[in-house]
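Here is what each chain is made of, one letter per residue.
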Amino acid sequence: MANPSGPRVSLFFPVYRDEATVERVAKKALRVLEELASEHEVIIVNDGSPDRAGEIADRVAATNPGIRVIHHERNLGYGQALRTGFEAARFEWICFTDGDDEYEVDDLRRLLRLRDYYDLVITFRYAKRYGGWRIFVSYVYNKLLRVVFETRYRDVSSGLKLVKREVVSELELISTSPFIGAEIAIKTMLKGFRVGEVGIQTFPRQFGRGSSTSLRNIVATLRDMRRVYRRVFSAHYDQPMNHG
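Values in this document were obtained by computation on a predicted structure and should not be read as measured data.

A. Structural detail: the packing of aromatic side chains. Going through the model one piece at a time under the given rule, you end up with seven aromatic pairs. An aromatic cluster of at least three residues, connected via ring pairs, comprises Phe149, Phe179, Tyr229 and Phe233. The ring of Phe124 carries the charged tip of Arg154 above its face, separated from the ring centre by 3.9 Å.

B. A look at the environment of Ala89. With respect to the helices and strands, Ala89 occurs in the loop between helix 3 (78-88) and strand 4 (93-96). Separated by 22 residues in sequence, Ala89 and Leu111 have C-alpha atoms that sit 18 Å apart. For Ala89, the residues in contact, after removing those within four places along its chain, are Ser10, Glu41, Ile43, Ile94 and Arg165.

C. How the structure looks around helix 8 (residues 215-232). A rise of 1.5 Å per residue sets the reference length of helix 8, with its 18 residues, at 26 Å; its end C-alpha atoms lie 26 Å apart and thus fit the reference within 8%. Inspection of helix 8 places Asn217, Ala220, Thr221, Asp224, Met225, Val228 and Val232 among the buried residues, and these make up the whole buried set. The buried residues of helix 8 occupy an angular sector of 145 degrees when the element is viewed end-on, so they sit on one face. Of the exposed residues in helix 8, those oriented more than 90 degrees away from the buried face are Leu215, Arg216, Arg226 and Arg230. Among the structural elements, helix 5 (132-148) and helix 7 (180-190) are those in contact with the buried residues of helix 8.

D. Quick look at the side chain of Ser177. For Ser177, the position within the fold is in the loop between helix 6 (165-168) and helix 7. For Ser177, a relative accessible area of 2% puts it in the buried group. Once you skip the residues sitting within four places of it in the chain, Ser177 turns out to touch Tyr78, Gly79, Ala220, Thr221 and Asp224.

E. Geometry of the packing of helix 5 against helix 8. Where helix 5 meets helix 8, the closest approach of the two axes is 12 Å, and the angle between their N-to-C directions is 15 degrees. Of the possible angle classes, the one that applies to helix 5 and helix 8 is roughly parallel. Crossing angle aside, the handedness with which helix 5 passes helix 8 is right-handed. In contact with Tyr141, Leu144, Leu145 and Val148 of helix 5, helix 8 contributes Thr221, Met225 and Tyr229. Here the residues of the contact of helix 5 with helix 8 sort into six nonpolar, one polar and no charged.

What counts, and at which threshold
- Residues numbered from 1 in each chain as written.
- Predicted model: local features only at pLDDT ≥ 70, side-chain atom pairs only at ≥ 80, totals over all residues.
- Heavy atoms only, no water.
- Phe/Tyr/Trp six-rings, centres within 6.5 Å; stacked < 30°, edge-to-face > 60°.
- Lys NZ or Arg CZ within 6 Å of the ring centre and 35° of its normal.
- Helix = DSSP H or I, 4+ residues; strand = E, 2+ residues; numbered from the N terminus.
- Contact = heavy atoms within 4.5 Å.
- Expected span 1.5 Å × (residues − 1).
- Buried < 20%, exposed > 50% of the residue type's maximum accessible area, 1.4 Å probe, protein only.
- Arc of directions from axis to C-beta.
- Axes fitted to C-alpha atoms, helices over the stretch in contact; angles between N-to-C directions.
- Parallel < 35°, antiparallel > 145°, perpendicular 65-115°, else oblique.
- Left-handed = near helix turned anticlockwise from the far one by under 90°.
- Nonpolar A, V, L, I, M, F, W, Y, C, P; charged D, E, K, R; others polar.

Without other data, these values stay purely geometric and don't point to any function.
Structural data, given as structure tokens:
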């Protein structure tokens, strides 16, 4: 049953090789939104997944009118999958997470508690229940971002965020790699919107292997980092209207 006093929320997540978890994440998202939101939708973005994730998503959507599925004909990358989700979202608040069930969708209630104070709420993982290599890569990555972009964020790569739809419409996102999470936080800050953080736990991936720390994604992330850096630190980025 909808919460008449709650916000209007779109929640989406991309799937790629997530056939074992897509149904679970979608149904968990529906349960949480039915409790917290006055109106809601769940959007699954199938990023050209080579397994049965897209097929399973279609089956779940066929029996749940609150779920929609968008298919990419081929794999376009995590960043493009998020951009597709943003374009499809209809409601004032947009929550996005990952399709591998490492993040607990129920933590959305923590993020929504802060919606009156922030325009973007990002999460940081205070308990990281996965391998040492991922912890090391995450540490180096976030340290690098704090130095290069002069930010204070503890964990911009965390895959659970809540953002106002109007904020996203102003960001002009360009990343197609996992760097898009950092791009969102950095550009939101530079636009003068309010950014908050909340701590969460994450859980080991139970099926398959994540690809965010693969060599291919690391290279793509560094490429997008360079592109975004050159844009936001250029002489022409987001100049005042009367600058002259």
